[in-house]
Amino acid sequence: RVKQQLEAKSMVRSHRLAVAHRGASPSALEVLDSGWKAAGITPSAQPISGGWVHRWWVMRIKRVLERLCPGRRIELEKSILGKAVDIALESEDGNWLAFETQLRCSDDLVRDLLQKDLVGFARVIVAVQTQADIERVQVVIASLNATDRVEARLLGTFYYQSKEV
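As the structure is a prediction and not an experimental result, all values here were calculated from the model. (Residues numbered from 1 in each chain as written. Predicted model: local features only at pLDDT ≥ 70, side-chain atom pairs only at ≥ 80, totals over all residues. Heavy atoms only, no water.)

A. Region of interest: the overall build of the protein chain. The helix and strand inventory of the protein chain stands at six helices and seven strands. Reading the helices (α) and strands (β) of the protein chain from amino to carboxyl end gives α-β-β-α-α-β-β-β-α-β-α-β-α. When burial is assessed residue by residue, the protein chain has 38% of its 165 residues classed as buried. Within the protein chain, contacts between residues separated by at least 24 positions form 55% of all contacts whose residues are at least 6 apart in sequence. (Helix = DSSP H or I, 4+ residues; strand = E, 2+ residues; numbered from the N terminus. Buried < 20%, exposed > 50% of the residue type's maximum accessible area, 1.4 Å probe, protein only. Contact = heavy atoms within 4.5 Å.)

In structure tokens:
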């Protein structure tokens, strides 16, 4: 297989994606420096915030939002009042919705994230890997009295391009 040959030559690295479904977990390939060099392409020098898998999920969610919300403004790393989010979607009424991708869900990390986001965004959707992560995030949401403005979703819903946003 081509993938195995590229991995053996250290040109790509495979990352398993948690999508909370039965069967084999899908994976995404990260092109490594030697792979870019072999292809004759100079990759972007911009650092990837949150790591490669985080960035893959952010781009996946952005593509789903573009498909489900044509014509709406969508921005990566949007900053409002000095607070940036992974993805911002402008709603029909002009308010901004924040989408955060959380691959690690400690209570303190999620609390800090939500407190920051709730300052400048009308609603926040936190995408997480597992049902246990959803439950943990829901406890934090309740502790902040933000159940009307924040919800947790499984990353897998974006992987399968759910028709709900």
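B. Representation of the packing of aromatic side chains. Applying the stated criterion across every chain, the model contains one aromatic pair. Arranged with centres 5.0 Å apart and planes meeting at 85 degrees, the rings of Trp56 and Trp57 form a pair that is edge-to-face. In this structure, Trp56 and Trp57 share a single accessibility class: buried. (Phe/Tyr/Trp six-rings, centres within 6.5 Å; stacked < 30°, edge-to-face > 60°.)

C. Local environment of helix H4 (residues 107-120). Taking 1.5 Å per residue, 14 residues should reach 20 Å; H4 reaches 21 Å between its end C-alpha atoms and fits that length. Among all positions of H4, only Val110, Leu113, Leu114, Asp117 and Leu118 are buried. Buried residues of H4, viewed axially, fall in a sector of 125 degrees; they line one side. The exposed residues of H4 that point more than 90 degrees off its buried face are Asp108 and Asp112. On the buried face of H4, the contacting elements are strand S4 (83-90), strand S5 (96-101), strand S6 (123-128), helix H5 (131-143) and strand S7 (150-154). (Expected span 1.5 Å × (residues − 1). Arc of directions from axis to C-beta.)

D. Representation of the pattern of salt bridges. Tallied over the full model, the rule gives 10 salt bridges. The partner of Arg111 in a salt bridge is Asp108, and the shortest N-O contact between them spans 3.5 Å. Highlighted residues: Arg111 and Asp108, both in helix H4, separated by three residues, approximately one helical turn. Here the residues in one salt-bridge network are Arg73, Glu75, Lys78 and Glu90, joined through shared partners. (Salt bridge = Lys/Arg side-chain N within 4 Å of Asp/Glu carboxyl O.)

E. The nonpolar core, seen in detail. Formed by 21 residues in total, the largest nonpolar core has its most connected members in Leu114, Phe121, Val124, Val126, Val137 and Val150. Breaking this core down by element, the ones donating at least two residues are S4, S5, H4, S6, H5 and S7. With four residues, H5 is the largest single contributor of residues to this core. Discounting chain neighbours no more than four positions away, the residues touching Val126 are Glu100, Gln102, Leu114, Val137, Val150, Glu151, Ala152 and Arg153. Counting residues in hydrophobic clusters, the runner-up holds 19 residues, among them Trp56, Leu89, Leu97 and Leu155. (Core = buried A, V, L, I, M, F, W, Y, C linked by side-chain atoms within 4.5 Å.)

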